Structure formats: structure tokens, C-alpha cells
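Chain residues, written in single-letter form:
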Amino acid sequence: MITKKLYEKDAYISKFNAAVLSCDKAENGYRIKLDKTAFFPEGGGQPADTGTISGVNVFDVQIENDEIFHYTEKPLETGVTASCNLDFDRRYSFMQNHTAEHIVSGLVFKEYGYNNIGFHLNESEVTFDFNGFFTEEQLKKLEYEANKRVWRNLSVTAFYPSSDESVTTSYRAKSGINGKIRLVKIEDTDICACCAPHVNSTGEIGIIKFLNTEKQHGGTRIFMKCGTFALDDYRRKNSDIKAICGMLSAKTENLKDAVVAQSKRLESEKAAAKALRSELINYKIKLFDKTKHAIYLNGADIKQLQMAADGLHKAYGGVKTALCENENGCAFVMCGDTGELETEFKKLKDAFAVRGGGRDKIRQGSIIAEVEEIKQYFEV
Ligand SMILES: [Zn+2]
């Protein structure tokens, strides 16, 4: 017995009763067949519905050789009538986003002649691929035109055409559709072969928003959010923007300028700190304890370590090392005359794992060890 597809006639059924025809052990869980179902099986780029049958979780629905199987966590008694519930909020989001995909693909086909060659709908976003390229202006216009179809609240209908109608009706075909053709018609916009449930009128989509595009496989991938996905995204972004405005004491409309000003300030603060640190290094060289051979400089960069080691070597002779903490332990620069320097560098490599090297009067790199151990070694 073929399971009756309730979702094909009415996409809004969220609760129904059905007879359990079979229940088999599956790889993970159980495989249930019903006499009728409103659970949409994964297909056409849309995920399977979730929900419950007699209170047991349905985590997947698949169509296999024309038969629909509901995958559940627990077994169900066969022959009984089960009360079934769909996770309808989730399904409704899919319906909104899937219908929007038809609108956009229909407009693209009419305006540019590109085909939709890939469609994927997940729990928060739609991606679809076209075999052609768009300019920024074209994308803006396309998004606006698609939203106009939403505002016009056009009707969406699904039907199985008679064989005569199939021949005379022109429609967009998606790859991977087998068997009897079901057409989804959006008034004044598009006719497309599709097996999935859609909303009844385009106004239900709420909004169609493109988030991003990528060039790939000789065409364009569009990332889109519609309906509840778009609302969730707007809420999250609005809350992030409010938080950032609070941190910068800026108004939403001036946020970009405030961020630019902030990063300019940060750059000039960094430059000032660097200049001060260089000045500090010069003082430290002047005040250096001549009995020591190394200096530890908190937060210095490699140039400042070079400046310090070289400055100490020139001022006091011998091999001098400048150190500061890094992600491995310490960054170091060692300066000295060739023979002496080689001896000290070898001693260091015998004591620690050392990455790096150098030539002439300089050796530099990383010492991989606890900072305290390194400090003890150099007596700083
Ligand atoms: Zn579709």
C-alpha cells in the first residue's frame, strides 16, 4: 500500500491520525510506514520534517522506491491508529524559504535566462546556484523585484497536470525529479516542477533578503534568508549593533564612522606605545647592570629586541640577549662577536628546545619552555 501524501494537497496539516502499517528495526532506531502522512520526506533540496508519532520522536523521513519511511527513536505497534504531530514552526520556515526560492529562480530565468542548478535549504539559510553571473546592481534589482512579488500577495498553487497540459504548459524543471510531474505555480511569476510543500500566498514569505553571493563553478551562489530565518537574523544583528553602539557610545546611523574613528585611534595609540617602548629601551640600555648578560622586555616586538640586544652589545661588549614572552615561551635576540656568539647560542640550544638561527653577529628565534625557566637561565 502506497502512503497517501497529505502534504501534497494541504501543506498546512500539522496534526493528523494515521494507521501504522509496519515497523522495522533500522540501523539507528526504527522505520515506520503509515497509511497516510503529512511528514515531508527529504527531497528537492528541502530537509525532512521532524515531529512525533504517538509521542515518539521522528528524526528523519525518507522516500525510498516511492515508499515513505518515518525514522523513529522507539518502535511503534503496528495496526494501531497513531496521532501524529509535525514540528510545524520548522516546516513553515522551510515553506517560506522554499517558495521564495521559486520566486527568485523564476525571475532570474525570465530576466537573464540562467537556470537554478543547485538548491539547498538548511535550518537557517537557503543557498542556490545559477549558471551565470550578476552585477551588484542586477542583484539589488532582483532582490527588490522578488520582494515586490511578496507584497503583491500572489497565489501559490500545486497540481498534477494532465498529460495534455504537461505538453502545453511550459515550466522550469529542476534536475533530479523523477516520476509524475507536480507543478508549483506562482501567479504571474513562475511555474516549476517541484515535490515540496509551499505557502499558499507569497505574502506569507514576509521578506526575501540576499545576504551574500559567491562565484563558483562558472556561476553564482546566492545566500538568502526569508520569513522567520530573516527575522531571526535581523534580531541577532540588531542586538549586536545595539551592543556595539553602547560600547562606542555611538548612534546606529553613525556606527560605521565611529568604528573607523576607533580603529584610527587604536593605530595612533599603537604607534605612540611603540615609540615610548623604544625610548624606554634606550634608558634601559643606559641603566643596564654590567654584571648581567640579558634583558627582559615585556611586550616588545622583534625589532625592539634587536635594537636592545644590539645596543647592549655595542655599549658593553660580550654576548647580550634580549627576551620577551611569546606563545612558545620567549622570543629572543642574541648579539655578539662571531666566535663567542656561536658558543653561547650552542649552550642555549643544549639547555632548551630552540627554534631559529641567524648569521654574523645575530641569532634570533623562539625558546620553547616555561618563561620562568628561561628567565632563570638568563638571570633576568
Ligand atoms: Zn520547490
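Think of each chain on its own: its residues are numbered from 1, step by step along the sequence as written. The predicted origin of the model limits local features to residues at a pLDDT of at least 70 and limits the giving and counting of side-chain atom pairs to 80 or more, whereas totals for whole chains, interfaces and linings rest on all residues. Side-chain descriptors were evaluated using all non-hydrogen atoms of the structure, hydrogens and water having been removed beforehand.

K.L.:
Help me understand the sheet that holds strand 9 (residues 116–121) in this model?
P.N.:
Two strands in a sheet stick together by hydrogen bonds in their backbones, pointing the same way (parallel) or opposite ways (antiparallel). Here, strands pair whenever DSSP counts at least two bridges between them. Helix numbers and strand numbers start at the N terminus; a helix is a DSSP run of H or I with at least 4 residues, a strand a run of E with at least 2. A sheet is described by the order of its strands in space; here 4 strands give the open sequence 9-10-15-14, paired in antiparallel fashion. Every interior strand has two partners, whereas the edge strands, strand 9 and strand 14 (208–216), have only one. Across this sheet, the average inter-strand angle for adjacent strands is 20 degrees, counted without regard to direction. In this sheet, strand 15 (residues 219–226) lies alongside strand 14 in antiparallel orientation, the contact comprising 8 bridges. Axis geometry follows a simple rule: fit a line to the C-alpha atoms, using only the stretch in contact for helices, then measure angles between N-to-C directions, giving values from 0 to 180 degrees.

K.L.:
How should the packing of helix 2 (residues 88–112) against helix 3 (residues 136–151) be read in this particular structure?
P.N.:
A pair of packed helices can be characterised by two numbers: the angle between their axes and the separation between those axes. Where helix 2 meets helix 3, the axes come as close as 10 Å, and the angle between the chain directions of the two elements is 125 degrees. Overall, the two elements helix 2 and helix 3 adopt an arrangement that is oblique. Both helix 2 and helix 3 take part in a crossing whose hand is right-handed. In this structure, helix 2 uses Ile103, Val104, Leu107, Val108, Glu111 and Tyr112 to contact helix 3, whose residues at the interface are Gln138, Lys141, Leu142, Glu145, Ala146 and Arg149. Residues are grouped as follows: Ala, Val, Leu, Ile, Met, Phe, Trp, Tyr, Cys and Pro are nonpolar; Asp, Glu, Lys and Arg are charged; every other residue, Gly included, is polar. The class makeup of the residues in the contact of helix 2 with helix 3 is 7 nonpolar, 1 polar and 4 charged. Reported orientations rely on four angle classes, namely roughly parallel under 35 degrees, roughly antiparallel over 145, roughly perpendicular from 65 to 115, and oblique for the rest. The hand of a helix crossing depends on one turn: near helix anticlockwise from the far one by less than a right angle means left-handed, and clockwise means right-handed. In this analysis, two residues are considered to be in contact whenever any of their non-hydrogen atoms come within 4.5 Å of each other.

K.L.:
Sorry if this is basic, but what is going on with the packing of helix 5 (residues 227–248) against helix 6 (residues 255–286) here?
P.N.:
Viewed as axis vectors pointing N to C, helix 5 and helix 6 meet at an angle of 50 degrees, and their least axial separation amounts to 11 Å. Between helix 5 and helix 6, the interaxial angle falls into the category oblique. Of the two elements, helix 5 crosses helix 6, and the hand of that crossing is left-handed. The residues of helix 6 that touch helix 5, namely those facing Ile241, Ile244, Cys245 and Leu248, are Leu255, Ala258, Val259 and Gln262.

K.L.:
What is the right way to look at the state of the cysteines in this model?
P.N.:
Each disulfide consists of one covalent bond between the sulfur atoms belonging to two cysteines. Disulfides are defined as pairs of cysteine sulfur atoms found within 2.5 Å of each other. Counted according to the given criterion, the structure contains 0 disulfides. With no disulfide of its own, Cys192 lies closest to Cys194 among cysteine sulfurs, the gap being 6.0 Å. You can see Cys195 has no disulfide; the closest cysteine sulfur is in Cys194, sitting 5.2 Å from it.

K.L.:
Would you take a moment to explain the coordination of the zinc ion for this structure?
P.N.:
Note on metal geometry: ideal angles are 109.5 degrees for four donors arranged tetrahedrally and 90 or 180 degrees for six donors arranged octahedrally. Protein coordination at the zinc ion: the donors are His98 (NE2), His102 (NE2) and Cys194 (SG), at 1.9 to 2.1 Å from the metal. Any N, O or S atom lying within 2.8 Å of the metal counts as a donor, and for Na, K and Ca the limit rises to 3.2 Å; water is left out, so some sites can look incomplete. Positions of the donor residues of the zinc ion along the chain correspond to the pattern H-x3-H-x91-C. Here His98 is found in helix 2, whereas its partner Cys194 is found in the loop between strand 13 (190–193) and strand 14, with 96 residues between them in sequence. With respect to class, His98 is no different from Cys194; both count as buried. Each residue is assigned to one of three classes by its accessible area relative to the maximum for its type, calculated with a 1.4 Å probe on protein chains only: buried under 20%, partly exposed between the two thresholds, exposed over 50%.

K.L.:
Would you mind showing me how to read the packing of aromatic side chains here?
P.N.:
What describes a pair of aromatic rings is the distance from one ring centre to the other and the angle between the planes of the rings. Two aromatic rings, drawn from Phe, Tyr or Trp (for Trp, its six-membered ring), form a pair once their centres lie within 6.5 Å of each other, and the interplanar angle then sorts them: stacked below 30 degrees, edge-to-face above 60, tilted otherwise. Within this structure, the stated rule accounts for 15 aromatic pairs. Consider the rings of Phe88 and Tyr92, whose centres lie 6.0 Å apart with planes at 35 degrees: the pair is tilted. Residue Phe88 and its partner Tyr92 are both found in helix 2; the two are separated by 4 residues, about one turn of the helix. Among the residues examined, Phe88 registers a relative accessible area of 18% and is labelled buried. A centroid spacing of 5.5 Å and a plane angle of 90 degrees characterise the contact between Tyr112 and Phe134, whose relative ring orientation is edge-to-face. Here the residue Tyr112 occupies a position in helix 2, and Phe134 occupies one in the loop between strand 10 (126–130) and helix 3, the gap between them amounting to 22 residues. A relative accessible area of 22% places Tyr112 in the partly exposed class. For a Lys NZ or an Arg CZ to count as sitting over a ring, it must be within 6 Å of the ring centre and within 35 degrees of the ring normal. Just above the ring of Phe69 sits the side chain of Arg31; from NZ or CZ to the centre is 3.8 Å.

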